[in-house]
Amino acid sequence: MFEFHSDKSRYFEMQRVVTHDDIIPFIERNTGACSGKRVLEIGCAEAGVLKAFIDKGNIGTGVELASYRYESAKLFLKNELEDGRFFIINKNIYDINDPAAEFGSLFDIIVLKDVIEHIPDQPKFINRLKLFLKPQGVIFFAYPPWWMPFGGHQQLCVTKLLEKLPWFHLFPSFFYKFILKSFGESEATINELLSIKSTGIIIETLHSILKNEKFEVIDEQFWFINPIYRMKFGLKSRLVPSLLAYIPYLRNFYTTTHYILFKMK
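First things first, this report covers the structure right here in the doc.

### So, the packing of helix H8 (residues 173-182) against helix H9 (residues 187-199)
Closest axis-to-axis distance for the H8/H9 pair is 10 Å, and the angle between their directions is 155°. Put simply, H8 runs roughly antiparallel to H9. As for how H8 packs across H9, the hand of that crossing is right-handed. Facing Ser173, Tyr176, Lys177, Leu180 and Lys181 of H8, the residues of H9 in contact are Glu187, Ile190, Leu193, Leu194 and Lys197. Here the residues of the contact of H8 with H9 are counted per class, giving five nonpolar, one polar and four charged.

### Observations concerning the sheet that holds strand E2 (residues 59-63)
In a beta sheet, neighbouring strands pair by backbone hydrogen bonds and run either parallel or antiparallel. Strand order in the open sheet formed by eight strands is E3-E2-E1-E4-E5-E8-E6-E7, and the pairing between neighbours is mixed. Unpaired on one side and paired on the other, strand E3 (86-89) and strand E7 (238-239) mark the two borders of the sheet. By the bridge criterion, six bridges tie strand E4 (residues 107-113) to strand E5 (residues 133-143) in an arrangement that is parallel. When the bridges of E5 are listed, Leu112 appears paired with Phe141.

### Regarding the packing of aromatic side chains
Applying the stated criterion to the full structure yields 16 aromatic pairs. Seen from their ring centres, Phe103 and Phe107 are 5.3 Å apart, and the 70° between their planes marks the pair as edge-to-face. Residues Phe103 and Phe132 carry aromatic rings whose centres are separated by 6.4 Å and whose planes lie at 50° to one another, so their mutual orientation is tilted. With a gap of 29 residues between them, Phe103 in helix H5 (residues 99-103) and Phe132 in the loop between helix H6 (122-128) and E5 connect regions that are remote in the sequence. As far as burial versus exposure is concerned, Phe103 and Phe132 are alike and both buried. An aromatic cluster of three or more residues is present, and its members are Phe26, Phe140, Trp223 and Tyr259. The aromatic ring of Tyr94 is capped on one face by Lys124, whose charged end is 4.9 Å from the ring centroid. The ring of Phe215 carries Lys130 above its face, with NZ or CZ at 5.2 Å from the centroid.

### A short note on H8
Residue pairs three or four apart in sequence face the same way in an α-helix, which turns once every 3.6 residues. Taken as a whole, H8 has its buried residues at Tyr176, Ile179 and Leu180. All buried residues of H8 fall inside an arc of 95° around its axis, so they share one side. Along its buried surface, H8 packs onto helix H7 (160-163) and H9. Directly after H8, the chain includes Gly184, whose backbone phi takes a positive value near 85°.

### Here we look at a nonpolar patch on the surface
There is a patch of nonpolar side chains on the surface, built from Trp167, Leu170, Leu244, Ile247, Leu250 and Phe253 and spanning about 470 Å² of accessible area. With respect to the secondary-structure elements, Leu244 resides in helix H12 (residues 242-245).

### Quick notes on the pairing of strand E1 (residues 38-42)
The side chains of a regular strand alternate, first on one face of the sheet and then on the other. Among the five residues of E1, five are classified as buried, and the element is accordingly described as predominantly covered. By the alternation rule, side chains of E1 split into Arg38, Leu40 and Ile42 and Val39 and Glu41, which are all buried. With respect to chirality, the unit in which E1 leads through helix H2 (residues 48-55) into the neighbouring parallel E2 is right-handed. With three bridges connecting them, E1 and E4 associate as parallel partners. If you follow Leu40 over to E4, its bridge partner there is Ile110.

### Overview of helix H1 (residues 8-31)
At Thr19, H1 shows its maximal kink, close to 45°. Once H1 ends, the next one or two residues include Gly32, with phi positive near 85°.

### Things to note about the pattern of salt bridges
Using the criterion set out here, one finds 17 salt bridges in the structure. A cluster of three or more residues bridged by salt bridges with shared partners is formed by Asp21, Asp22 and Arg230.

### Things to note about the pairing of strand E8 (residues 257-264)
Of all the eight residues making up E8, six are buried; the element is thus mostly covered by neighbouring parts of the structure. The pairing of E5 with E8 spans five bridges and is antiparallel. Considered in E8, the bridge of Tyr143 is made with His258. Across eight bridges, the pairing between strand E6 (residues 215-225) and E8 is antiparallel. In the strand pairing of E8, Phe215 is matched with Met264.

Thresholds applied
- Residues numbered from 1 in each chain as written.
- Predicted model: local features only at pLDDT ≥ 70, side-chain atom pairs only at ≥ 80, totals over all residues.
- Heavy atoms only, no water.
- Axes fitted to C-alpha atoms, helices over the stretch in contact; angles between N-to-C directions.
- Helix = DSSP H or I, 4+ residues; strand = E, 2+ residues; numbered from the N terminus.
- Parallel < 35°, antiparallel > 145°, perpendicular 65-115°, else oblique.
- Left-handed = near helix turned anticlockwise from the far one by under 90°.
- Contact = heavy atoms within 4.5 Å.
- Nonpolar A, V, L, I, M, F, W, Y, C, P; charged D, E, K, R; others polar.
- Pairing = 2+ DSSP bridges.
- Phe/Tyr/Trp six-rings, centres within 6.5 Å; stacked < 30°, edge-to-face > 60°.
- Buried < 20%, exposed > 50% of the residue type's maximum accessible area, 1.4 Å probe, protein only.
- Lys NZ or Arg CZ within 6 Å of the ring centre and 35° of its normal.
- Arc of directions from axis to C-beta.
- Patch = residues over 30% accessible without salt bridge, like charges linked within 9 Å, V, L, I, M, F, W, Y side chains within 5 Å.
- Areas by Shrake-Rupley, 256 points an atom, 1.4 Å probe, with all protein chains shown as cover.
- Salt bridge = Lys/Arg side-chain N within 4 Å of Asp/Glu carboxyl O.
- Right-handed = clockwise from strand over helix to strand, strands pointing away.
- Bend = angle between axes of the 7 residues up to and from the residue.

Dropping the structure here:
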């Protein structure tokens, strides 16, 4: 496993910087200045993404299911929590039936960064986001398409070879599991990677879900080199060339992260 996955302070800062430098400008080019808004992040982890929004003058709210990450977020954003610029709950969003009552208001912006690829029954989940969104609000996703070289999150492997081995997550499940076990990966890691295999999503599947659930795509970006790789690996971020970005299905193999902004029709 890469060391930044266990260094929560460094990972928090990575998330803050990439949100400030890349995600917020992408949203702003479609919505105008991102300030004075209510922002919800689902699966906020340590809340580095929300920190960037709060620093821009927004009110940030996080929903985090993992208790240890919920507690970490409260520590990282202790000052913002105390002065009312940040709120967080340790809950499953399916247990929130009246978001306006739970949070005091609906949201102008909903953010999921590297989360949608972990969620089962994605059509049901995406449809539920309507309950949290103001009528003119927008939703932003950033995620690795399943077919990209490391879409299986194999960087979680302890084995040095496997954490750097592209595309082997695309093997059939039985063979994928055999490889992981043969290299001595733990049962917990194997189960997590197989879970991701069951929920991984490609660009065309997401587009189909959004169309069926009556959402309209506002804008999207296809990154050949994910902006966060600047801090992870010292690589310069780079968009997929425009002609290659619009080749259906094939683009999933070389898009390392897909930014997409959408709204209700």
